[in-house]
Amino acid sequence: MTKVPEPGSYRHTIRLFLLLGAVLVIALVVRSLLVPDSFGVLGHFRLDAIEEARQSVLRHMEQDVCQDCHDDVVGLHAKDAHAKVSCETCHGPGAFHVAAEGEEGIHLPEGQRPCLVCHELILSRPGDFPQIIPEDHYRFVGVREFTTPCTACHDPHEPLFMDRDLRTARLHPLIHRCRDCHAGRFDETLARPEEHPPIFQCEYCHVQIAADFAQRPHRQVRCTTCHLFFRESDSSGRILRDADPRFCLLCHRDADFRSDEAPPSIEWPDHRDDMAETEGDLQKQCIDCHQDHIHPLKVKTAAVAGSGSEE
Amino acid sequence: MTVEFKNSRRQMLKLLAAGSGLLVFPIGSLVASERKPTADGKYIPYWAYAVDTTRCIGCCACMRACRDENDVPEGVFRTWVERYRVDRDGEVKVDVATGNDHVFEPVEGEVNRAFFVPKLCNHCAKSVCNQVCPVGAAFNTPDGVVLVDQAHCIGCGYCVQACPYGSRFINPDKHVADKCTFCYHRITQGMAPACVLTCPRDARLFGDLNDPKSRLNVLLRQRPYRLLKPEMGTHPECYYLGLDREVV
């Protein structure tokens, strides 16, 4: 038999409210246990998470840290074409190396692959960036073994022996190369030449030098191989002449990995010391004697409209 | 049963006034991160990122550096590089660097245009991923970085689906959402993110939008740029300089 509440009794209502109150208290307790402390201070998230994200371990150091111990290499590096390549791009994160006080923990790249990651000719790579097809490059400079590491000739810390700061080099209109747009080895004939956008080639302006250069032993070498061009904007860049003897020696130094069809090679610095004209003169550059192998270094202008000059 | 309003017209007007007040001053604006110093006058930067697609050479040094710096497991990426090829018929082909070395394979063929596009989290000012997180584990910091509270994340993956840029993934080791943090532990110490540090061509730039003299601001004033998917209304903070029209 159920007990019938007296008329005017509010016990059932009070019970209901007590129950609701208990649920509310439990909910609040559970919520305070589940919701982290710093939640909602700045927004709908845990403020401490920002501090935790800040506590992650540093793996990459900065150039300054490398310079503390490797001042000589960093100084050399900062002058040449790889100046903008940070140490850790090639050598990997430096934190372990610093923690081990320089004993270990640094990556020393070997072979061709680390260089080709940037310098292999692949489609989409900007044309103003130096790229090679490895086999063609090795054949051109007469290297017998295709497995010879790049570092046999090129010092990655001083790849081009640039003799002046790029920022003071001469401004030059943008130089286009075929591989700005064309992948592969350019042996295909252009299908629709009338549609080709106008481009400047060296001989358009430097008429005399180009004509003269075509008769010289170096005619297979592109102008931009020695006249290094660095693009700065959509229309211009910096051009500089590389006349450092060590730059010439990149192709002409005698080495056991070179084949007989190699470019004429010499022993260095014996070659300089053996010659009567240069003996003892460390300032002598290759082109002081071997000018006739490239092109005249002084070219008279003004005779032909549109002809350019080279120092 | 009918509800009777006493002074119903007055109540109605009050309700309307309160409602329109909420519309004009939404409560969200009180907590949303804004580009301004805090109340105590302490300077707060607003970090942003720029990618110069005309300079990228696709060496993927950024991907390797990111992996080393942030212990990103194999198979998932906080940042990645895409290669776009627009062939003679206008058809667009996209591929990404593969393998553990993250290098692009040489491909043959004639193209009209071809270029690399590095991608990463856009750190949207109005990020979608934060809005869908059911537990409040995704958030914008006051200095403009979108972070994941990995201690709080339940790994439901809703944010991964919501991100229009595909920047998020579920970390296979930790089983929680993971993404680019702009290397938050580095930038708060005044260092550049690992990808910016290791980029050999300055294709990746990082800076403070609140500082009018920062290199990033100077570049954004001088050069044309595009944002990725601006129509999504996410206000991405990753500016693409010289970006081709085919990139989405």
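Basis of the calculations
- Residues numbered from 1 in each chain as written.
- Chains lettered and ligands numbered in written order.
- Predicted model: local features only at pLDDT ≥ 70, side-chain atom pairs only at ≥ 80, totals over all residues.
- Heavy atoms only, no water.
- Buried < 20%, exposed > 50% of the residue type's maximum accessible area, 1.4 Å probe, protein only.
- Helix = DSSP H or I, 4+ residues; strand = E, 2+ residues; numbered from the N terminus.
- Pairing = 2+ DSSP bridges.
- Domains from an automatic or database assignment.
- Contact = heavy atoms within 4.5 Å.
- Buried area = accessible area lost by both parts, 1.4 Å probe.
- Salt bridge = Lys/Arg side-chain N within 4 Å of Asp/Glu carboxyl O.
- Core = buried A, V, L, I, M, F, W, Y, C linked by side-chain atoms within 4.5 Å.
- Patch = residues over 30% accessible without salt bridge, like charges linked within 9 Å, V, L, I, M, F, W, Y side chains within 5 Å.
- Areas by Shrake-Rupley, 256 points an atom, 1.4 Å probe, with all protein chains shown as cover.
- Lys, Arg positive; Asp, Glu negative; His and termini not counted.
- Charge placed at Lys NZ, Arg CZ, Asp CG, Glu CD.
- Expected span 1.5 Å × (residues − 1).
- Axes fitted to C-alpha atoms, helices over the stretch in contact; angles between N-to-C directions.

Trainee: Looking at this model, I keep getting lost on the pairing of strand S1 (residues 47-52) of chain B. Mind explaining?
Mentor: Residues in a regular strand point their side chains to alternate faces of the sheet. All names here are of chain B. The buried count for S1 comes to six of six residues, which makes it a mostly enclosed element. The two faces of S1 match: Trp47, Tyr49 and Val51 on one face and Ala48, Ala50 and Asp52 on the other face are all buried. Of the pairings in the sheet, the one linking S1 to strand S9 (residues 204-208) comprises five bridges and is antiparallel in character. Bridge assignment links Ala48 to a residue of S9, and that residue is Gly207. Note: S1 against strand S11 (residues 238-241), four bridges, orientation parallel. Residue Tyr49 lies in a different strand from S11, and its bridge partner there is Cys238.

Trainee: In this structure, what is going on with the domain arrangement of chain A? I would like to understand it.
Mentor: Interface extent is often summarised as the accessible area lost during association of the parts. Residues and elements named next belong to chain A. Under the domain assignment, chain A is made up of domain 1 (59-108) and domain 2 (155-187 + 195-294). Taken together, the eight residues of domain 1 in the interface contact eight residues of domain 2. Interface area, domain 1 with domain 2, both sides summed: about 720 Å², of which 57% is carbon and sulfur. On the domain 1 side of the contact with domain 2, Leu76, Asp80 and Ala81 bury the most area, a combined 57% of that side's loss. Inspection of the region where domain 1 meets domain 2 yields zero salt bridges.

Trainee: Explanation requested: the nonpolar core in the structure shown.
Mentor: In terms of nonpolar packing, the biggest core is built from 42 residues, with Tyr49, Val81, Leu120, Phe182 and Tyr240 of chain B touching the most fellow members. Elements with a minimum of two residues in this core: helix H2 (48-54) of chain A together with S1, helix H3 (61-70), strand S2 (79-87), strand S4 (111-120), helix H6 (184-187), helix H7 (194-198) and S11 of chain B. It is S4 of chain B that contributes the most residues to this core, four residues altogether. Not counting residues up to four positions away in its chain, the partners in contact with Leu120 of chain B are Tyr49, Val51, Arg78, Thr79, Trp80, Ser167, Cys180, Phe182, Arg204, Cys238 and Tyr240 of chain B. Ranked by size, the runner-up nonpolar core spans eleven residues in total, among them Cys129, Val146, Val148 and Cys159 of chain B.

Trainee: Help me understand a negative patch on the surface, please; the structure alone is not making it clear to me.
Mentor: Residue and element names in this part refer to chain A. Negative charge collects at one region of the surface, where Asp254, Asp256, Glu267, Asp270 and Asp274 lie side by side. For Asp274, the location among the structural elements is in helix H13 (residues 270-274). Since its relative accessible area comes to 62%, Asp274 is described here as exposed.

Trainee: I keep staring at unusual backbone geometry and nothing clicks. Help me out?
Mentor: With the exception of glycine, most residues fall at negative phi, and the peptide bonds are largely trans. Residue and element names in this part refer to chain A. Positive phi is not limited to glycine here, since Ser124 has a value of about 90°. In this structure, Ser124 sits in the loop between helix H7 (113-119) and helix H8 (134-140). Owing to a relative accessible area of 8%, Ser124 belongs among the buried residues under this scheme.

Trainee: Is there a simple way to think about the pairing of S9 of chain B in this case?
Mentor: Burial of S9 of chain B is extensive: five of the five residues sit out of reach of the surface. Burial along S9 of chain B is two-sided: Arg204, Phe206 and Asp208 of chain B and Leu205 and Gly207 of chain B, pointing in opposite directions, are all buried.

Trainee: Just checking my understanding: could you explain helix H1 (residues 11-34) of chain A for this structure?
Mentor: Every α-helix carries 3.6 residues per turn, so stepping three or four residues along brings you back to the same face. Between the first and last C-alpha of H1 of chain A there are 34 Å, a value that for 24 residues agrees with the 34 Å anticipated at 1.5 Å per step. Counted residue by residue, H1 of chain A has zero buried out of 24 residues, so it is predominantly exposed.

Trainee: I'm lost on the sheet that holds strand S3 (residues 236-241) of chain A in this one. Help?
Mentor: Strands pair in a sheet through their backbones, by hydrogen bonds, and they do so in one of two ways: parallel or antiparallel. All names here are of chain A. Overall, antiparallel pairing links the three strands, which are arranged S1-S3-S2 in an open sheet. Each having just a single partner strand, strand S1 (170-173) and strand S2 (227-231) make up the two edges of the open sheet. Within this sheet the neighbouring strands show an average axis-to-axis angle of 40°, counted without direction.

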